[in-house]
Amino acid sequence: MSKEWLSWRSSRQVSLRAAGRYLLVVALIYTCAAAIFTGVMLTKIEREAKFTRETQIPLILSQTRNAVKTERLASLIRAIYLARDRRLERQVQLQVQALAQGFPFEAGDALVAGSKRVAILAKEIATARQQARDSASQNVTAFTFEERATSAYAEAMKTVDEMAKELSGDAALSADKLAQEIESGAARTRYTVLLTVLMPGLFCIVVLLLARRHLAKPILSAIANLHRISESTNTVPARSRPILTELAMIGDAVVSYGEATSELRRKNVVLQALAEEDSLTGLANRRTFEAFLKSALGKNGFGGTAVLMIDLDHFKSINDRFGHQAGDQCLQSLALLLLSMDTLPNSLAARYGGEEFVIVYNAISEEQATLEATFLCRRIESMRIPLEDEQTLTLTASIGVAFARGGDEKDMDDLISRADKALYLAKSAGRNRAICDKVAQREREARTRTIR
Amino acid sequence: MFRLFALAIGITIAVSAGASHADSLRIATEGAYPPFNFVESGELKGFDVDIAKALCAKMSADCTFQAVPWKEIIEGLEGNQYDLIVASMAYTKERAARIDFSSPYYRSHSVLIGNETFQDSAPDALAGVRIAAETGTIQAEYLKSAYTKSTIVLADDQPAAQRLLIDKKADLLIGDAIELLTFMETPQGAVFSYVGDPISSDFLQSSAHITAHKGNKALIERVNAALKEIKLDGTYDRINDAYFPFSIY
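Residues numbered from 1 in each chain as written. Chains lettered and ligands numbered in written order. Predicted model: local features only at pLDDT ≥ 70, side-chain atom pairs only at ≥ 80, totals over all residues.

Caption draft 1: Spotlight on the overall build of chain B. Looking only at helices and strands, chain B features nine helices and 13 strands. Considering only contacts in chain B between residues 6 or more positions apart, those separated by 24 or more positions represent 70%. (Helix = DSSP H or I, 4+ residues; strand = E, 2+ residues; numbered from the N terminus. Contact = placed C-beta atoms within 7 Å.)

Structure representation (structure tokens):
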């Protein structure tokens, strides 16, 4: 399952370039969509505004005009009823007619019918009044005409009232409708603007989050790996493979660079070891021994530093008699033995040169060091070195011991030469023995005294 | 930045101010169509003239007026004797082919007037009746097509047509309802009244326009803008109320 997951992950990789291209495409699509959406929206609003200006506002204005005309009609009716003068009645009646004739221009059927009716009633009032005047002598008839005029007036005023009601209702309704349309248009615009403004913001946040996850994280992990390389610790591959191909490549390159570096470092260690060792015996070489001795002298531990200078006895004749191979074998065997001496505190065994070896260690005292050296002589003596033809060979060695309590680097040469002198004494005293340089000194002094 | 902006605004204002420099306009009217246009003590007056003056003020133009007989008024415009006609001219397709029309500045309709003896304005009821009309008007055209059984008596202008009615050379007169209302309020017109219903034809429900040379769209636009302005700022209503007992817009 994890394999499938991994393959799916790797198949989901995207190159930085492609990611940039996707981003560009998304931004372009969004811009176009927003432009089209906004354009359509604004065009719609523009159309609505135009409709309002060209249709609705003129409609409301025309209703206002109709209302004014209706009001005018009412006042003319009042005027004709109150005129009681033939000439004035005629004038007002003509005005009512002309005004009523104007209604069909921009009024509904109810208003036109109403205005027509009012014009007829105005004429009726005028006629009734004229007839009342003509029959002024006969009281009863005059009264009838007067009554007819009054009822015509009442009906005309009622008609005008109805017209006014219809108008105010219409005007209020269309004004309210207009206000509602404007309001909903404004709300739509608000949401559109909010949406088009918020969308890029959200998009930016998403892009930033993605960038942090897929851009910054891999880069930071690569940097952390570079630090690990410089601190010579092991690199850690990213927990999840970056989606962006280039970053994955960089991460991989850093990891493999780290691996190469640690490999190189390992090889360096081996090479260094090779430089410090004697190639035949695997012991430290003379240079390493000197460095070790220097640092040992610098340390102020308990006791002091003992140097055991070991030289195989008659090694030249072994070489001559049994060949160099046998000689080498002897050297290697001794080296193995010396290596087993590493139980001594802070010890180092080294090949000093030719058949000469040395052990340096942190000894308690000169006497203890001499004892160790003597013990070593015994062990060398008991060694059996196998030769090709099932023969064995025995060896002996002479050891010169020198001891220094404390001291520093400058005492190194002195210590070595003292050990050398002790070795010489051991050789001249008959070989296969260990002699301390102090003992040698005492013996020398004794001999001089004897001579004297 | 701000300085640049201010400079831009300054330039814009300067340019727009330059564009609306005071120019002169020659305006023709008939001068024989009371109360819309007429001559009184040697001076052109009337609703049309006042409206034209208000428009000129809004367009910041110096206007000169001249009276031109109705029959020649369109030809004069075509002959570039003047720039605008403000003479209660109704819109017709035939006229629109020759000259350009503004938005309407008032609306009216046609009626017949005559003695009280006439009550019905239907063409059949008026067979054999003499009806007076002014030459070259939409009413005259309408009479010719709709009142084929009546006798049509043509006059050169509106006062002449009214004279025909007063002198009993015609029984009825066709004309604009508002114009004739003014006539019927004069002592000579007092004996006449509207005959029946207004003539119910869309053709005669007409609107009055200002006209300019064919293709002079810029001038028509300016006139329309000024017309809208005087309608909205109350100038129009003041002029209207000086002549008529109700709004004729």
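Caption draft 2: Structural context of the confidence of the model for chain A. Per-residue pLDDT for chain A has a mean of 85; in total, 94% of the residues score no lower than 70. Of all helices and strands in chain A, the one with the weakest mean pLDDT is helix 1 (residues 2-11) of chain A (51), whereas strand 6 (residues 397-404) of chain A scores best (93). (pLDDT = per-residue confidence, 0-100.)

Caption draft 3: Here's a closer look at the sheet that holds strand 12 (residues 193-194) of chain B. All names here are of chain B. Spatially, the five strands line up as an open sheet ordered 10-9-11-8-12, and their pairing is mixed. Two strands close off the open sheet at either side, each with one partner strand: strand 10 (151-155) and strand 12. Sheet strands touched by helix 5 (residues 138-146): strand 8 (110-114), strand 9 (130-134), strand 10 and strand 11 (172-176). Its angle to strand 9, the strand with the most contacts, is close to 145 degrees. (Pairing = 2+ DSSP bridges. Axes fitted to C-alpha atoms, helices over the stretch in contact; angles between N-to-C directions.)

Caption draft 4: Here's a closer look at the sheet that holds strand 4 (residues 43-45) of chain B. Residues and elements named next belong to chain B. Within the open sheet, the three strands sit side by side as 2-3-4. Their pairing is antiparallel. The open sheet has two edge strands with one neighbour each: strand 2 (32-33) and strand 4. Two elements, strand 2 and strand 3 (residues 37-40), share two bridges in a ladder whose sense is antiparallel. Bridged to alanine 32 within strand 3 is phenylalanine 38.

Caption draft 5: Region of interest: the interface of chain B and chain A. Taken together, the 16 residues of chain B in the interface contact 13 residues of chain A. Mapped onto the side of chain B that touches chain A, the elements with two or more residues apiece are helix 7 (177-184) and strand 12 of chain B. With four residues, the single largest contributor to the side of chain B that touches chain A is helix 7 of chain B. Class assignment for the residues of the side of chain B that touches chain A results in ten nonpolar, four polar and two charged. (Nonpolar A, V, L, I, M, F, W, Y, C, P; charged D, E, K, R; others polar.)

Caption draft 6: Just the pairing of strand 2 (residues 348-353) of chain A, in detail. Residue and element names in this part refer to chain A. For strand 2, a buried count of five out of six residues is recorded, marking the element as mostly surrounded by other parts of the structure. The pairing of strand 2 with strand 3 (residues 356-363) spans five bridges and is antiparallel. The residue bridging leucine 348 from the neighbouring strand is valine 360, located in strand 3. (Buried ≥ 20, exposed ≤ 12 C-beta atoms within 10 Å, placed from the backbone.)

Caption draft 7: Here's a closer look at the environment of alanine 160 of chain B. Inspection of the secondary structure assignment puts alanine 160 of chain B in helix 6 (residues 158-166). Each C-alpha atom of the pair alanine 160 of chain B and alanine 132 of chain B lies 9.4 Å from the other, and the pair is 28 residues apart in sequence.

Caption draft 8: Region of interest: helix 10 (residues 411-428) of chain A. Residues and elements named next belong to chain A. Counted at 1.5 Å a residue, the expected span for helix 10 with its 18 residues is 26 Å, and the 26 Å between its end C-alpha atoms agrees. All of the buried residues in helix 10 are Met412, Leu415, Ile416, Arg418, Ala419, Ala422, Leu423, Leu425 and Ala426. Immediately beyond the C-terminal end of helix 10, within one or two residues, lies glycine 430, with a positive phi of roughly 120 degrees. (Expected span 1.5 Å × (residues − 1).)

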